Amino acid sequence: MNAGFQYGGQAVIEGVMMRGPDTRAIAVRRPDQSIVVDEKPVGSLTRRVPVLKWPLVRGVVVLIESLVLGIEALTFSAGQAVGEEEELTAKEIFVTAGIALGLAVLLFAVLPTAAAHLLNRVAPGSLAQNLLEGLFRIAIFLAYVAAIGRLDDIRRVFQYHGAEHKVINAYEAGEELTVERVQRHSTLHPRCGTSFLLIVLVVSILLFSLLGKQVLWWRILSRVLLLPVVAGIGYELVKLSGRYAAVPLCRVLIAPGLWLQKMTTSQPDDGQVEVAIAAFGAVLKEGEAQ
């Protein structure tokens, strides 16, 4: 297995975005079946502000930066997939990221908290309330994934998601990155964002249970205020699980996240794997074997 930087990526429309130590690359299959690769340097606030590298803090920074990169990648891929050239401005990316965060807070913080509060007679006590709230949150997430997975376009994105994982798994296993060899690998990966989201949902149940009984407005506000803490803990757990995936205890802990990835990844065809390899090859650190 190759050591060093932990490469990651994201499936986009008819393509894959990969992030390396200094660059990010988006590879997209255009309507004429050619593959276009857009490579740009990327930086991080953690390099300029040392305190942002601290555990728990760095997870929040990475999450926000990944959201911005993801929106940019989706916009680029959407244009290329239909043969158009269009990019969002920095202001448009900021507004879009804000809307996405707002919807996530509404869907996964406000809605389940309010629903659990309305059922306080069915589940009295702070422990039962927080457990019910957490179950609502997980149910909403699963329902959302299942619903979007029925869309044809999203099913193709899930295939590219599988291709992204296959390429990274092949690289980390020290394999030559050819379509044939990459296809032998799993579509599941312990550092996947899907696993991160599940870990965040579980951590939120444990953390919010420590807050005791609260009135509704403070319950909702406390969930929003503690989201960075939950995200920071989740990020550290995902990094640890990815680093020690071979340890038996870690394999047990990451198993639910891998099961969930079966909803968000699908078996890619050779052409989709070819696109993922092109994106990864563009960000591969110089001197490392491909």
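Residues numbered from 1 in each chain as written. Predicted model: local features only at pLDDT ≥ 70, side-chain atom pairs only at ≥ 80, totals over all residues. Heavy atoms only, no water.

By the naming in an unreviewed UniProt entry, the protein chain is Metal-dependent enzyme, taken from Pelotomaculum thermopropionicum.

1. With respect to helix α10 (residues 248-264)
Since the α-helix packs 3.6 residues into each turn, any two residues three or four apart lie on the same face. Here α10 is 17 residues long and its end C-alpha atoms lie 25 Å apart, about the 24 Å a rise of 1.5 Å per residue gives. Within α10, the axis deviates most sharply at I254, by approximately 40 degrees, and proline P256 lies no more than four positions further along. Three or more residues of α10 are buried, namely C250, I254, A255, G257, L260, Q261 and T264. Its buried side turned inward, α10 meets α4 (126-148), α5 (152-172), α7 (193-208) and α9 (227-243). (Helix = DSSP H or I, 4+ residues; strand = E, 2+ residues; numbered from the N terminus. Expected span 1.5 Å × (residues − 1). Bend = angle between axes of the 7 residues up to and from the residue. Buried < 20%, exposed > 50% of the residue type's maximum accessible area, 1.4 Å probe, protein only. Contact = heavy atoms within 4.5 Å.)

2. Quick word on the side chain of S204
Residue placement: S204 occurs in helix α7. According to the relative accessible area criterion, S204 is buried, its value standing at 4%. For S204, the residues in contact, after removing those within four places along its chain, are R137 and V230.

3. Structural notes on the packing of aromatic side chains
Taken as a whole and assessed by the stated rule, the structure comprises five aromatic pairs. Centre to centre, the rings of Y171 and F280 are 5.0 Å apart; their planes meet at 55 degrees, and the pair counts as tilted. Of the two residues, Y171 sits in helix α5 while F280 sits in helix α11 (residues 270-283), which places them 109 residues apart along the sequence. Exposure class is identical for Y171 and F280. Each is buried. (Phe/Tyr/Trp six-rings, centres within 6.5 Å; stacked < 30°, edge-to-face > 60°.)

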